[in-house]
Amino acid sequence: QVQLVESGGGLVQAGGSLRLSCAASGRIFSINTMGWYRQAPGKQRELVAIITSGGTSNYADSVKGRFTISRDNAKNTVYLQMNSLKPEDTGVYYCKVNFGGQNYWGQGTQVTVSS
C-alpha cells in the first residue's frame, strides 16, 4: 500500500511564502513523475507544477517565476516552494506521484492567501 503525506499548507498574507512537502511511503519502486495540483472552491483541479525523474520541470503559466518544484529521490519526497503568493493561489493543494503505471494522490493541504 502506498501513502502520500502532505504538509506545509496554511494561512499567509499576499506576498508571503509557503513550502509544501509530500512524502511517499510504502511499496514504492522508481517513481516517475511527481507533481502538484490545486483546486479552488467551485473550480476544477488544475496542474500547478510537475517534475520528472530526471529533474525536468514544467509549470502552469500562472505560477511561473514564483513557484519552484523539486524532489529528493532518496526520500521519495516532492516539494513546492511558493513565493510572492497571491489571493488567487488559494485552494487545496494535492500531490500526485506516478510509478508502476499508476497515479497516487495525497489527501490535500489547504493554502489560503489573504489580501
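**What about the overall build of the protein?**
Then, in step 1: From N to C terminus, the protein includes zero helices and 11 strands.
Then, in step 2: Counting from the amino terminus, the protein carries its helices and strands in the arrangement β-β-β-β-β-β-β-β-β-β-β.
Then, in step 3: Expected size for 115 residues packed as a compact globule is a radius of gyration near 13 Å; at 13 Å, the protein falls within 12% of this value.
Then, in step 4: With the principal axes as the frame, the protein shows a C-alpha extent of 40 × 25 × 25 Å.
Then, in step 5: Partitioning the contacts of the protein with sequence separation of at least 6, the portion at a separation of at least 24 is 53%.
Then, in step 6: Carbon and sulfur atoms form 45% of the exposed surface of the protein, whose accessible area is close to 6,100 Å².
Then, in step 7: Averaged over its 11 positive side-chain charges, the protein has a centre that lies 5 Å from the centre of its 6 negative ones.

**Here we look at the sheet that holds strand β3 (residues 18–26)**
Then, in step 1: If you trace the four strands from one edge of the open sheet to the other, you get β1-β3-β8-β7, paired in antiparallel fashion. Strands at the two margins of the open sheet, each flanked by one partner only, are β1 (2–7) and β7 (67–72). Ignoring strand direction, the axes of neighbouring strands in this sheet form an average angle of 15°.
Then, in step 2: Sheet topology places β3 next to strand β8 (residues 77–82); six bridges connect them, and they run antiparallel. The residue of β8 that forms the bridge with Leu20 is Leu80.

Definitions and limits used
- Residues numbered from 1 in each chain as written.
- Predicted model: local features only at pLDDT ≥ 70, side-chain atom pairs only at ≥ 80, totals over all residues.
- Heavy atoms only, no water.
- Helix = DSSP H or I, 4+ residues; strand = E, 2+ residues; numbered from the N terminus.
- Rg over C-alpha atoms; globule rule 2.2 N^0.38 Å.
- Contact = heavy atoms within 4.5 Å.
- Areas by Shrake-Rupley, 256 points an atom, 1.4 Å probe, with all protein chains shown as cover.
- Lys, Arg positive; Asp, Glu negative; His and termini not counted.
- Charge placed at Lys NZ, Arg CZ, Asp CG, Glu CD.
- Pairing = 2+ DSSP bridges.
- Axes fitted to C-alpha atoms, helices over the stretch in contact; angles between N-to-C directions.

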